[in-house]
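Summary of the model geometry
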Amino acid sequence: MDTSHFKKVTAAGLFITLGIIFGDIGTSPLYTLQTILKEGGSATEDLVLGAISCVFWTLTLQTTFKYILITLNADNKGEGGIFSLYALVRRYGKKLVFPAIIGAGTLLADGIITPPISITSAIEGLNGVKGLQNIIIPGNNLVVELVLVIIILLFIFQRFGTKVVGGAFGPIMFIWFMMLGVLGINQIIHYPQIFAALNPIYGWRLLTEHPKGFWLLGAVFLCTTGAEALYSDLGHCGRKNIQVSWIFVKTTLVLNYLGQGAWVLLQHKEHLGDINPFFEIVPHGFLLPSIIVATMASIIASQALISGSFTLISEAISLNFWPRVKVKFPTTVRGQIYIPSINWILCIGCIMVVLYFRTSEAMTAAYGFSITIAMLMTTILMYYFLRYVKHYPLIIVTLILIVFLSVETSFFIANAVKILKRLMFLVFEVGLIFTMYIWYSARKINNRFLNFIDLKEHIPLIEDLSSDNSIPKFATHLIYLTKANRASQIEQKVLYSIFSRNPKRADIYWFVHIERTDDPYTMEYSVEELRNDKVIRVEFRLGFRIQPRVNLMFRKVVQEMVANKELDITSRYPSLSKHNLAADFKFVILEKFLSYDNEFSVRDGFILNSYFAIKHLSISDHKAFGLDTSDTVVEKMPFVVAPISSIALKRTSFKTDS
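The rules behind the values
Residues numbered from 1 in each chain as written. Predicted model: local features only at pLDDT ≥ 70, side-chain atom pairs only at ≥ 80, totals over all residues. Heavy atoms only, no water. Helix = DSSP H or I, 4+ residues; strand = E, 2+ residues; numbered from the N terminus. Buried < 20%, exposed > 50% of the residue type's maximum accessible area, 1.4 Å probe, protein only. Contact = heavy atoms within 4.5 Å. Areas by Shrake-Rupley, 256 points an atom, 1.4 Å probe, with all protein chains shown as cover. Core = buried A, V, L, I, M, F, W, Y, C linked by side-chain atoms within 4.5 Å. Polar contact = N/O pair within 3.5 Å; in protein donor to acceptor, adjacent residues only side chain to side chain. Patch = residues over 30% accessible without salt bridge, like charges linked within 9 Å, V, L, I, M, F, W, Y side chains within 5 Å. Salt bridge = Lys/Arg side-chain N within 4 Å of Asp/Glu carboxyl O. pLDDT = per-residue confidence, 0-100. Disulfide = S-S within 2.5 Å. Pairing = 2+ DSSP bridges.

1. A few points about the overall build of the protein
Secondary structure summary: the protein contains 27 helices and eight strands in total. Per-residue burial for the protein yields a buried fraction of 55% across its 658 residues. Taking the contacts inside the protein whose residues are at least 6 apart along the sequence as the reference set, 83% of them involve residues at least 24 apart. Of the roughly 29,200 Å² of accessible surface on the protein, 60% is carried by carbon and sulfur atoms.

What follows is the structure, encoded as structure tokens:
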């Protein structure tokens, strides 16, 4: 992938960045201050100044310092996200797979609660429109139905891709951020003393002196929603465009929070009830247009999160953390993908969130637990990146680690109390992490029992089989996928399939191997003829963001070999060759199932049983590799560990009763 254009800051790049990157964090003013005031129990000057101070310094430490200035430097050939970071550091520790899996699982879980919060907050703003006060009531059936309709339409639309509306995302978000800034300034001019809230001492006093001080961090954390996803979307916009546009975004966010705080203090009320300061600072005549813009911004934020989830799962499949589910490419835009199974899992999760919590206030009370874990996992991986990839001095890396672990651990503890309010969704998070762990661990166990043998020793036997006319020809070109890293080796089960399981005579035998690289967009291949015009090995080197569409890639290889006169694919059947018809190609996929004859440890047995159960639920391997059913043979072979020689049978003679 050409990422050279990402290195330059352009107006188009900045607009695209606003539309893709900052939708989530940009809609946080809809509910953050309202939630802090609710949980704080009052609207006193100390609470308001302390709340805004905490918000400002959270945006500064977490978003600006950690993600914008440090984490964005951990780009893998222009790509970001926890799996890109893991690909950069995995060579420095085998156990780094665990923070990668946990971080990815919790980040995906964030995808079922963020869209409902943003969209519900925007729709609830209609309560302030004249004539709708008694119609739009937070939590009533109409609000819930409107939110559900928007969410369902959003997920239905995913199958068509976002190419058509993608160009509108940037201008809409620009209007949104400008609106945030202008609304904030309009209140600040009436109460300029609010700038005192930028002093960190007010935040410190809130956390240490307020009765609920420390626990208010759970609500403060809402202001940094989307910071982790910001790094995941690095590849869409480039580091410099994100860093420059963040100056504008953070300025408008801070102005809006200050404006909300100014309005609250100008009311001189200790309690505001259910009032949302965000919609109160909007001029009444502009309220309906502002709600429309807020709803559009919320939809854009949700869209970016959903697209990010597709990318995350696509990378997980490539890194062997997730089953090979169906991946579609709805548009010609490179990198834009659609994963139906994940789309509908997220859709069902969002619907359940809306039906269970009903109001944005209840949703925010359950938000934050998962994403704080994801941030902690990124911090752990960043330590290895800064220390071993960038070679920063140990003292500097340790200090950075201490700062972020202290901040994020505090947020985690404050959010941990929310786990009781989201127990039913804990199953979703655990399920995602469990699936990744099982898939990764089972493949490790599986690979331990792979038996490779010398292929070159068996080439004469392959040649004899190919020339044996007493055996019906299975295919002209027969293709197997192999896990053997060396061209001189092959799995024993592949040769068993060729020779012993319905002998498969072919004119040319192909062995295709896929090597995954740490670079996200590597697309290379090499061809080695182990025996001229008889046994050929093709090696694909693919980045972890490239889908292994073996069918298309193999055809490309064949086309280039034909063009270079390295291969003749004219049919070998006399009746067809005289008409210059192309030969037939057939893939063989070996699918294993767990044999009851195995004896494993409790752990390995549980992992493998879970692995084959998950595999049974996911799509077939031939579809995952982009192979057509018409030219693919699937052979099911038992996964047996114990060899026959280990079975203690003693030959003897005995009589049976007639």
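Next comes the rest of the write-up.
2. What to know about the nonpolar core
Of all hydrophobic cores here, the largest spans 150 residues; its most connected members are Phe22, Phe83, Trp176 and Phe321. Ignoring any residue separated from it by four or fewer positions in sequence, one finds Phe321 in contact with Phe83, Tyr86, Val97, Ile101, Ala316, Thr435, Met436, Trp439 and Tyr440.

3. Focus: the side chain of Thr27
Along the polypeptide, Thr27 turns up in the loop between α2 (23-26) and α3 (32-40). A distance of 3.4 Å separates a polar atom in the side chain of Thr27 from a polar atom in the side chain of Ser118. When residues no more than four places from it in sequence are discounted, the contact partners of Thr27 are Ser118, Trp176, Ala297, Ser298 and Ala301.

4. Regarding a nonpolar patch on the surface
Judged by side-chain polarity, Val149, Ile152, Leu153, Ile156, Phe157, Phe160 and Trp344 come together as a nonpolar surface patch covering roughly 630 Å² of accessible area. Top element by residues in the nonpolar patch is helix α8 (residues 141-157). It accounts for five residues. Topologically, Val149 is positioned in helix α8.

5. Quick look at the confidence of the model for the protein
Summary statistics for the protein give a mean pLDDT of 83 and a share of 88% for residues scoring 70 or more. Counting contacts from residues 1-6, a segment whose pLDDT is below 50, to residues more than four positions away or on other chains yields 13 contacts. Residue range residues 644-649 is modelled with pLDDT below 50. Its contacts to residues more than four positions away, or to other chains, number zero contacts.

6. Looking at the state of the cysteines
One pass over the full model with this rule turns up zero disulfides. You can see Cys223 has no disulfide; the closest cysteine sulfur is in Cys54, sitting 9.0 Å from it. Judged by relative accessible area, Cys223 falls into the buried class, the value being 0%. Between Cys347, a cysteine without a disulfide, and Cys350, which holds the nearest cysteine sulfur, the sulfur-to-sulfur distance is 7.0 Å.

7. Re the pairing of strand β5 (residues 523-531)
Bridge count between β5 and strand β6 (residues 535-543): eight bridges; the pairing is antiparallel. The residue of β6 that forms the bridge with Glu524 is Arg541. Hairpin geometry of β5 and β6 is characterised by an intervening segment of three residues between the two adjacent antiparallel strands and by a positive phi of about 55 degrees at Asp533.

8. Things to note about the environment of Asn451
As for its placement among the helices and strands, Asn451 is situated in the loop between α21 (423-448) and β1 (452-454). By relative accessible area, which is 38% here, Asn451 ends up partly exposed. Each C-alpha atom of the pair Asn451 and Ala484 lies 9.6 Å from the other, and the pair is 33 residues apart in sequence. Excluding residues that lie within four positions of it along the chain, Asn451 makes contacts with Ile490, Glu491 and Gln492. Within the structure, the side chain of Asn451 is placed 2.5 Å from the side chain of Gln492, a separation counted as a polar contact.

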